[in-house]
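In case you want the letters, here they are:
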Amino acid sequence: MWQEDGWGWRARVGVLTPHADIGPESEFRAMAPEGVSIHAARVPLALAPGGMDANSFAVAQARAFADPPAVDEAAALLAAAPLSAIAYCFTSSSYARGAADDVALKARLEARASGIPVVITALAAVLALRAVAAQRVTLIDPPWFAAEVTALGVEYFRGHGFDVVYAAPAGLPSGQRLVHPGLVYEWARAHVPASAEAVFFGGNGFRTASVIRALEEDLRRPVLTANQVALWQALRVSGVHAPVTNYGALFNYEPPEG
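Residues numbered from 1 in each chain as written. Predicted model: local features only at pLDDT ≥ 70, side-chain atom pairs only at ≥ 80, totals over all residues. Heavy atoms only, no water.

Novice: Report on the pairing of strand β1 (residues 11-18), specifying residues and quantitative values.
Specialist: The element β1 is largely enclosed, with a buried count of seven among its eight residues. Relative to strand β2 (residues 36-43), β1 is paired through eight bridges, and the arrangement is parallel. Bridged to R12 within β2 is S37. By the bridge criterion, four bridges tie β1 to strand β3 (residues 85-88) in an arrangement that is parallel. Each residue of the ladder has a partner; that of L16, found in β3, is Y88. (Buried < 20%, exposed > 50% of the residue type's maximum accessible area, 1.4 Å probe, protein only. Helix = DSSP H or I, 4+ residues; strand = E, 2+ residues; numbered from the N terminus. Pairing = 2+ DSSP bridges.)

Structure follows, in structure tokens:
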């Protein structure tokens, strides 16, 4: 009897991730349904001294990540594999550059990827919020996001017509390896206001996938995360409708048309 070999017989999803991030590919692999494989390409990201362990991730760094040529070349190399979709996993550049630039970035990367569909995380979040019919939203960003980055995130979602009722970087230890799901769960429960119809955790390097189910059970509203929404849309554009359990009600929805 042949053993499981990890080949994506249902779909193969590419991930464009900053070179220092482990979150996107880790969480994609955890959430992906049977028969979906994940293939990551790393893109250089200029980091301040202390890197992701410093509470100083700023707008200039976020903007620069989406500049050509590095991310374009990574997309072209990734597209050489037989992929079904590619997910651009860097929420903060969308915050810094705005929705119009996201549309242009998607088109630019798809051209370099020989037409493979590209999912932009922040645009996927907009689709996800519309899919779950949430208008009033809480935004929670990683502890290493500068307050200015979060403020731009508020502008991004308000520009798409959402009412952001609360937004802040999580008051947790700053650093990918320092974030524990229990701390994320407790902080979110204490800070999500009753008026919010949904929660969105920004930051693809923010370890949040493992708390989605528990927070949805206790907050009784949809909980969305950067990697979850990106995978959700990547699956849908790949024609995959296999069930995903334990990672949120979002996977029961289809993206809205138009």
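Novice: Summarise the pattern of salt bridges; cite the residues concerned and give the values.
Specialist: The final tally for this structure, using the stated rule, is ten salt bridges. For E25, the salt bridge identified is with R42, shortest N-O distance 2.5 Å. Of the two residues, E25 sits in helix α1 (residues 23-31) while R42 sits in strand β2, which places them 17 residues apart along the sequence. Its relative accessible area of 38% is what places R42 among the partly exposed residues. (Salt bridge = Lys/Arg side-chain N within 4 Å of Asp/Glu carboxyl O.)

Novice: Before we move on, can you summarise helix α3 (residues 70-79) with the specific residues and values?
Specialist: Of all the positions in α3, only V71, D72, A74, A75, L78 and A79 are classed as buried. Along the axis of α3, the buried residues cluster in a sector spanning 160 degrees; they form a single face. Looking at the buried residues of α3, the elements they touch are β1, β2, α2 (59-65), β3 and α5 (99-112). (Arc of directions from axis to C-beta. Contact = heavy atoms within 4.5 Å.)

Novice: Report on the pairing of β3, specifying residues and quantitative values.
Specialist: Here β3 shows two buried faces, one formed by A85 and A87 and the other by I86 and Y88. When β3 meets strand β4 (residues 118-120), the two strands line up parallel, connected through three bridges. Paired with Y88 across the two strands is I120, which belongs to β4.

Novice: Summarise the sheet that holds strand β8 (residues 223-225); cite the residues concerned and give the values.
Specialist: Taken together, the four strands give an open sheet; going across it, the order is β6-β5-β7-β8, and neighbouring strands pair in parallel fashion. Every other strand in the sheet has two partners, leaving β6 (163-169) and β8 as the edge strands with one partner each. Going from strand to strand, the sheet's axes swing by 20 degrees on average, the running direction of each strand aside. Relative to β6, strand β5 (residues 136-141) is paired through six bridges, and the arrangement is parallel. (Axes fitted to C-alpha atoms, helices over the stretch in contact; angles between N-to-C directions.)

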